[in-house]
Amino acid sequence: MSPSAGPLRTVSVTLRVNGVHHAVVVPVHYTLLDLLRRQLGLPGTKPSCKEGACGACTVLLDGRPVTSCLVLAASVDDRTVVTIEGIAADGGLHPVQDALVECGGVQCGYCTPGVVLSAVALLADVPEPTPDQIRRALAGNLCRCTGYAKIVEAVQVAARRLAAQRAAVRP
C-alpha cells in the first residue's frame, strides 16, 4: 500500500506587490519566490540556489531586502513586497539600473534583479555610501560574470544621481 498524498493544504494570503493588492490562495509549502513567480506571474525574481546563499531572488519586504526563497508565502500576509518589476515607474529604469548598464555592471543579468533591489534598499538607508558600505550591502548577492568593481562603481554613480535629484526638488 503506498502512502496517500492527501489533499493539498493551502493558505490564504493578502499582500501588496508593486503597489497592487493581491488576495491569493497558495499551497502551505510555497515560498514568497513561488508566490511571485507561479501565482502572480512575476518572472523577474530569479530562482537559483534556493538556500538564500546567492541573492538572485532578493525582493524588498516592507522595504528590507530578503531572499524570497527562504520566506514562506504564509508569512507575508498583510505585508508589502517590491520586486524588480516594480522598482521603476512608467516603464523606465531606476537610476541604479541605468548606472549598472552604463558602468558595465551587467553581463548575463541573472543576478541583476537581486543586486538592484539590495542597492535600492542601501541607498534608501545610506544616501551616500562608501565603497565598503556598498560591498557589505551587496555581500549576499553573488555575481559570477562581472566581478564586483563595476557594480560598486554603478551604485556610487546612482547615489550621486539620486542626491542630485533630491537637491533639485528642495526649495
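Residues numbered from 1 in each chain as written. Predicted model: local features only at pLDDT ≥ 70, side-chain atom pairs only at ≥ 80, totals over all residues. Heavy atoms only, no water.

**As for the overall build of the protein chain**
Moving on, step 1. When helices and strands are tallied, the protein chain shows five helices and five strands.
Moving on, step 2. Ordering the α and β elements of the protein chain from the N terminus gives β-β-α-β-β-β-α-α-α-α.
Moving on, step 3. Considering only intrachain contacts with a sequence separation of at least 6, the fraction spanning at least 24 residues in the protein chain is 54%.
Moving on, step 4. Put simply, the protein chain shows about 9200 Å² of open surface, and 54% of that area lies on carbon and sulfur atoms.
Moving on, step 5. Averaging the coordinates of the 16 positive side-chain charges in the protein chain and doing the same for the 13 negative ones gives two points 3 Å apart. (Helix = DSSP H or I, 4+ residues; strand = E, 2+ residues; numbered from the N terminus. Contact = heavy atoms within 4.5 Å. Areas by Shrake-Rupley, 256 points an atom, 1.4 Å probe, with all protein chains shown as cover. Lys, Arg positive; Asp, Glu negative; His and termini not counted. Charge placed at Lys NZ, Arg CZ, Asp CG, Glu CD.)

**Topic: the sheet that holds strand S2 (residues 20-27)**
Moving on, step 1. In space, the five strands of this open sheet follow the order S2-S1-S5-S3-S4, with mixed pairing throughout. In this open sheet, the two strands that pair with only one neighbour each are S2 and strand S4 (64-67). On average, adjacent strands in this sheet sit at an angle of 40 degrees to one another, irrespective of strand direction.
Moving on, step 2. Both strand S3 (residues 58-61) and strand S5 (residues 79-82) contribute to a ladder of two bridges, which runs antiparallel. Among the inter-strand pairings, Leu-60 is bridged to a residue of S5, identified as Val-82.
Moving on, step 3. Against the sheet, helix H1 (residues 32-39) contacts strand S1 (10-17), S2, S3 and S5, and its axis sits at roughly 105 degrees relative to S2.
Moving on, step 4. Sitting on the sheet, helix H3 (residues 112-125) is in contact with S3, S4 and S5, with an inclination near 35 degrees to S3. (Pairing = 2+ DSSP bridges. Axes fitted to C-alpha atoms, helices over the stretch in contact; angles between N-to-C directions.)

**Some words on empty space enclosed by the protein**
Moving on, step 1. The final tally for this structure, using the stated rule, is two cavities of 30 Å³ or more.
Moving on, step 2. Estimated volume of the largest cavity: approximately 40 Å³.
Moving on, step 3. Surrounding the largest cavity, 13 residues form its lining, Ser-48, Lys-50, Cys-54, Cys-57 and Cys-69 being those nearest its centre.
Moving on, step 4. A breakdown of the residues in the lining of the largest cavity according to their chemical character gives eight nonpolar, three polar and two charged.
Moving on, step 5. Roughly 30 Å³ of internal volume is contained in the second largest cavity.
Moving on, step 6. Lining the second largest cavity we find Gly-105, Val-106, Gln-107, Cys-108, Gly-109, Tyr-110, Cys-111, Thr-112, Cys-143, Cys-145 and Thr-146. (1 Å grid on protein atoms, 1.4 Å probe; cavity = no way out; pocket = protein on both sides within 12 Å on 5 of 7 lines; lining within 4 Å. Points joined across faces, edges and corners; volume = space filled by probe spheres on them. Nonpolar A, V, L, I, M, F, W, Y, C, P; charged D, E, K, R; others polar.)

**As for the packing of helix H2 (residues 95-103) against helix H5 (residues 149-169)**
Moving on, step 1. Following both chains from N to C, one finds H2 and H5 inclined at 135 degrees, their axes separated by 8 Å at the closest point. Judged by the angle between their axes, H2 and H5 are oblique. Of the two elements, H2 crosses H5, and the hand of that crossing is right-handed. Taking contact as the criterion, the partners of Pro-95, Val-96, Asp-98, Ala-99, Leu-100, Glu-102 and Cys-103 in H2 are, on H5, Lys-150, Ile-151, Glu-153, Ala-154, Val-157, Ala-158, Arg-161, Leu-162 and Gln-165.
Moving on, step 2. Of the residues that constitute the contact of H2 with H5, the class distribution is ten nonpolar, one polar and five charged. (Parallel < 35°, antiparallel > 145°, perpendicular 65-115°, else oblique. Left-handed = near helix turned anticlockwise from the far one by under 90°.)

Just distances and angles here, no functional claims.
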